[in-house]
Amino acid sequence: MTKDRVGSLIGASFGLAFIQVNAGALPMAVAVPLRIAAIAAFLGLVVFGRRRGGGTESGGDATPSANFGRRYWYVVAAEVLGLAVGLIVISKVLHTPRAAVGWIAFVVGVHFFGLAAAWGRPLLRVLGASMAACGAAGLALAACDASVAVIRVVAGILPGVLLLASIWWSGRPGKAASAAPERTAA
């Protein structure tokens, strides 16, 4: 399995998790089909990704492959630290637990900027900016005392859809790997 394939599976797993965790705030008639669709999208990525050969490692094209070296781990460490500190502040200082999902989406989005630099994939910034915007909107909604369901749709479900869709998009036949909006979420 290539490093790019591992990265895609990590991203798809996080996309699935975003949707599964946050769909619980919706009415059952919406949550169940949404959860089933997310599982189907994830399983489709696993099955079709395997049939496609799992992507290129850098087999002859100019696209750098995902490198899980030192720079990657710096990005992940900064992400974990940012998540931990922010969630402590949200919970213990601001007493606004409904803002947590917005903070998580914001930090995960920002981490894609680090991955874009570490992996030489500038289009990861598109996914990062989109997810960070969802997170910022979720934080603003929490500050405005919006319902938990609205916050979770904007800052939880939408980022999950963005993750899954970006991986589907990057795996289109004939799609250059360098144009892939994302390859991993961790």
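Model, not experiment: these values are computed from the prediction.

1. Observations regarding the overall build of the protein chain
A tally of regular secondary structure across the protein chain gives 6 helices and 0 strands. In the protein chain, the succession of helices and strands from N to C terminus is α-α-α-α-α-α. The buried share of the protein chain, taken over its 186 residues, is 41%. Long-range contacts, defined as pairs at least 24 residues apart, comprise 72% of the intrachain contacts of the protein chain with a sequence gap of at least 6. If you sum the accessible surface of the protein chain, you get close to 8,900 Å²; carbon and sulfur atoms cover 73% of it.

2. Quick word on the packing of helix H4 (residues 100-119) against helix H5 (residues 124-143)
Relative orientation of the contacting elements H4 and H5 amounts to 160 degrees, with a least axis distance of 7 Å. On the basis of the axis angle, H4 is roughly antiparallel to H5. Between H4 and H5 the crossing geometry is left-handed. Between H4 and H5, the contacting residues are Gly102, Trp103, Ala105, Phe106, Val108, Gly109, Val110, Phe112, Phe113, Leu115, Ala116 and Trp119 on the first element and Leu124, Arg125, Leu127, Gly128, Ala129, Met131, Ala132, Gly135, Ala136, Gly138 and Leu139 on the second. Among the residues making up the contact of H4 with H5, the classes are represented as 17 nonpolar, 5 polar and 1 charged.

3. Topic: the packing of aromatic side chains
Taken as a whole and judged by the stated rule, the model has 6 aromatic pairs. Taken together, Phe68, Tyr72, Trp73 and Trp119 form an aromatic cluster joined through their ring pairs.

4. Comments concerning unusual backbone geometry
With phi around 50 degrees, histidine 95 is a residue other than glycine that occupies positive phi space. With respect to the helices and strands, histidine 95 occurs in the loop between helix H3 (70-93) and H4. Although it is not a glycine, aspartate 145 adopts a positive phi angle of roughly 65 degrees. Along the chain, aspartate 145 turns up in the loop between H5 and helix H6 (148-170).

5. A short note on the side chain of arginine 5
Locating arginine 5 in the fold gives a position in helix H1 (residues 3-22). You can call arginine 5 buried: its relative accessible area is 8%. One polar contact links the side chain of arginine 5 to the main-chain carbonyl oxygen of valine 46, over a distance of 3.0 Å.

6. What about the confidence of the model for the protein chain?
This prediction gives the protein chain a mean pLDDT of 86; 82% of its residues lie at or above 70. When the criterion is pLDDT under 50, residues 54-62 qualifies, and its contacts beyond four places in sequence or with other chains add up to 13 contacts. In the model, residues 175-186 has pLDDT below 50 throughout and makes 53 contacts with residues more than four positions away in sequence or in other chains.

7. A few points about the nonpolar core
Nonpolar side chains in soluble globular proteins tend to be buried together. If you look at the biggest cluster of nonpolar residues, it comprises 16 residues, and the most contacted ones within it are Phe18, Phe112, Leu115, Trp119, Leu124, Met131 and Leu163. Those elements giving two or more residues to this core turn out to be H3, H4 and H5. Of the residues forming this core, the biggest block, 7 residues, is contributed by H4. The next biggest cluster of nonpolar side chains, apart from the first, holds 13 residues, and it includes Ala12, Leu45, Ile157 and Leu164.

8. Side note on the pattern of salt bridges
Counted under the stated rule, the structure contains 1 salt bridge. Here aspartate 145 ties to arginine 98 by a salt bridge, and the two come within 2.8 Å at their closest N and O atoms. In this pair, aspartate 145 is assigned in the loop between H5 and H6 and arginine 98 in the loop between H3 and H4, connecting sequence segments 47 residues apart. We classify aspartate 145 as exposed; its relative accessible area is 59%. The class of arginine 98 is partly exposed, set by a relative accessible area of 28%.

Rules used in this analysis
Residues numbered from 1 in each chain as written. Predicted model: local features only at pLDDT ≥ 70, side-chain atom pairs only at ≥ 80, totals over all residues. Heavy atoms only, no water. Helix = DSSP H or I, 4+ residues; strand = E, 2+ residues; numbered from the N terminus. Buried < 20%, exposed > 50% of the residue type's maximum accessible area, 1.4 Å probe, protein only. Contact = heavy atoms within 4.5 Å. Areas by Shrake-Rupley, 256 points an atom, 1.4 Å probe, with all protein chains shown as cover. Axes fitted to C-alpha atoms, helices over the stretch in contact; angles between N-to-C directions. Parallel < 35°, antiparallel > 145°, perpendicular 65-115°, else oblique. Left-handed = near helix turned anticlockwise from the far one by under 90°. Nonpolar A, V, L, I, M, F, W, Y, C, P; charged D, E, K, R; others polar. Phe/Tyr/Trp six-rings, centres within 6.5 Å; stacked < 30°, edge-to-face > 60°. Polar contact = N/O pair within 3.5 Å; in protein donor to acceptor, adjacent residues only side chain to side chain. pLDDT = per-residue confidence, 0-100. Core = buried A, V, L, I, M, F, W, Y, C linked by side-chain atoms within 4.5 Å. Salt bridge = Lys/Arg side-chain N within 4 Å of Asp/Glu carboxyl O.

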